[in-house]
Amino acid sequence: MLFGLERMQGELAEYAEGVRGHVRMHANLSAILQFLPEDLGAFARAHAQIKIDLQEHLSPAVAHAVAEGAADLGICSLRASSGDTGLQSRAYRNDRLVVVVPRSHALAGRGAVRFEDVLAWDIVGLHAGSSISLAMRAAAAQAARPLRQRIQVTSLDAMCRMIDNGLGIGLLPDRAFTLMQGMGQLAAVALQEPWAERELRLVARDFDALPAAARLLADQIARGAVDH
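What this report covers is the structure whose coordinates are included nearby. (Residues numbered from 1 in each chain as written. Predicted model: local features only at pLDDT ≥ 70, side-chain atom pairs only at ≥ 80, totals over all residues. Heavy atoms only, no water.)

1. Focus: the overall build of the protein chain
Right, on to step 1. Helices and strands together make up the secondary structure of the protein chain, namely nine helices and ten strands.
Right, on to step 2. When each of the 228 residues of the protein chain is scored for burial, the buried share is 44%.
Right, on to step 3. Across the protein chain, contacts joining residues at least 24 apart in sequence account for 77% of those joining residues at least 6 apart. (Helix = DSSP H or I, 4+ residues; strand = E, 2+ residues; numbered from the N terminus. Buried < 20%, exposed > 50% of the residue type's maximum accessible area, 1.4 Å probe, protein only. Contact = heavy atoms within 4.5 Å.)

Dropping the structure here:
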């Protein structure tokens, strides 16, 4: 109750200063790096008096925060969230995982690879709870092969720097790799696995019951997803 009162006082103070809405959003790293800057930038230009608080979390944590009411909206991979979240969801974006290697690497000249080919090499991975790490561990277990993940980092740019310095190879979303071109002498190779195609979803407890500002943002994001 005290937390709610404090939040209400803060929002009233912002309202007095000209803020006319407040949206709490949690999203996973892939969404924040690849898609949200353009989407939120367009929304902010059209609705300058609406404040957006964005936090980065792993997909399961995003779904949990929305389910618990700590966030109005979330963008995450529902496949990475354990169990039935009970959340409503709308399509947001799709991406595809690619294998990132140094340009001098033996796999760099390949048009596409299977994940079994990746398992022969040391891997630079994201933190253990990320959707990419979960997918890799599941695929390695299915192939009955060890996952030689020697290094774990918390960001995609750190992963690229590690790969560029010969510390392993890694899996990244294709658009994220394109956006980070120039970070080193790297190449992307297509990953021929069904789970390499990923879907990001916009989630809420109840889209119709959202506060007006959050509902406005959700509707604009959903329209943008259709356009893409």
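2. Some words on the packing of aromatic side chains
How two aromatic rings sit relative to each other is set out by the distance from centre to centre and by the angle between their planes.
Right, on to step 1. On inspection of all chains with the given rule, the structure shows two aromatic pairs.
Right, on to step 2. Seen in terms of ring centroids, Phe 35 and Tyr 92 are 6.1 Å apart; in terms of plane orientation they differ by 85 degrees. Their pairing is edge-to-face. Residue Phe 35 is found in the loop between α2 (29–34) and α3 (36–46), and its partner Tyr 92 is found in strand β4 (residues 88–102); the two are separated by 57 residues along the sequence.
Right, on to step 3. Note on Phe 35: relative accessible area 8%, which makes it buried.
Right, on to step 4. The exposure class of Tyr 92 is buried, given its relative accessible area of 3%.
Right, on to step 5. Taking the centre distance of 5.3 Å and the plane angle of 80 degrees together, the rings of Phe 115 and Trp 195 count as edge-to-face. (Phe/Tyr/Trp six-rings, centres within 6.5 Å; stacked < 30°, edge-to-face > 60°.)

3. Considering the pattern of salt bridges
Right, on to step 1. Applying the stated criterion to the full structure yields eleven salt bridges.
Right, on to step 2. The partner of Arg 24 in a salt bridge is Asp 72, with the nearest N and O atoms 2.9 Å apart. Placement of the pair is Arg 24 in strand β1 (residues 21–27) and Asp 72 in the loop between α4 (59–68) and β3 (73–76), with a sequence separation of 48 residues.
Right, on to step 3. Of the charged contacts in the structure, one is a salt bridge between Glu 193 and Arg 114, with a shortest N-O distance of 3.0 Å. Here Glu 193 is found in the loop between β9 (186–191) and β10 (197–204), whereas its partner Arg 114 is found in the loop between β5 (112–113) and α5 (115–118), with 79 residues between them in sequence.
Right, on to step 4. Here the salt bridges share partners, and the residues they tie into one network are Asp 122, Arg 148 and Arg 150. (Salt bridge = Lys/Arg side-chain N within 4 Å of Asp/Glu carboxyl O.)

4. Focus on unusual backbone geometry
Right, on to step 1. One non-glycine residue with positive phi stands out, namely Ala 144, at about 55 degrees.
Right, on to step 2. The residue Ala 144 is located in the loop between α6 (131–142) and β7 (149–153) in this model.
Right, on to step 3. Take Ala 144: its relative accessible area is 69%, and that puts it in the exposed class.

5. Some thoughts on the pairing of strand β6 (residues 123–126)
Right, on to step 1. Residues Ile 123 and Gly 125 point to one face of β6 and Val 124 and Leu 126 to the other, with burial holding for every one of them.
Right, on to step 2. As paired strands, β6 and β7 are joined by four bridges and run parallel to one another. Bridge assignment links Leu 126 to a residue of β7, and that residue is Val 153.
Right, on to step 3. In this fold, β6 hands off to α6, which returns the chain to β7; that crossover is right-handed. (Pairing = 2+ DSSP bridges. Right-handed = clockwise from strand over helix to strand, strands pointing away.)

6. Details of the side chain of Ser 133
Right, on to step 1. Relative to the elements of secondary structure, Ser 133 occurs in helix α6.
Right, on to step 2. Residue Ser 133 is classed as buried on the basis of its relative accessible area of 0%.
Right, on to step 3. Looking at Ser 133, its side chain comes within polar contact range of the side chain of Ser 130, at 3.1 Å.
Right, on to step 4. Look past the residues within four positions of Ser 133 in its chain and what remains in contact with it is Leu 126, His 127, Ala 128 and Gln 149. (Polar contact = N/O pair within 3.5 Å; in protein donor to acceptor, adjacent residues only side chain to side chain.)

7. Examining α6
Right, on to step 1. Over its twelve residues, α6 runs 17 Å from end to end, which matches the ideal 16 Å to within 8%, given 1.5 Å per residue.
Right, on to step 2. Among the residues of α6, Ser 131, Ile 132, Ser 133, Met 136, Ala 139 and Ala 140 are the ones counted as buried.
Right, on to step 3. Each element contacted by the buried residues of α6 is listed here: β4, α5, β6, β7, β8 (170–173) and β10. (Expected span 1.5 Å × (residues − 1).)

What is shown is where atoms sit, not what they do.
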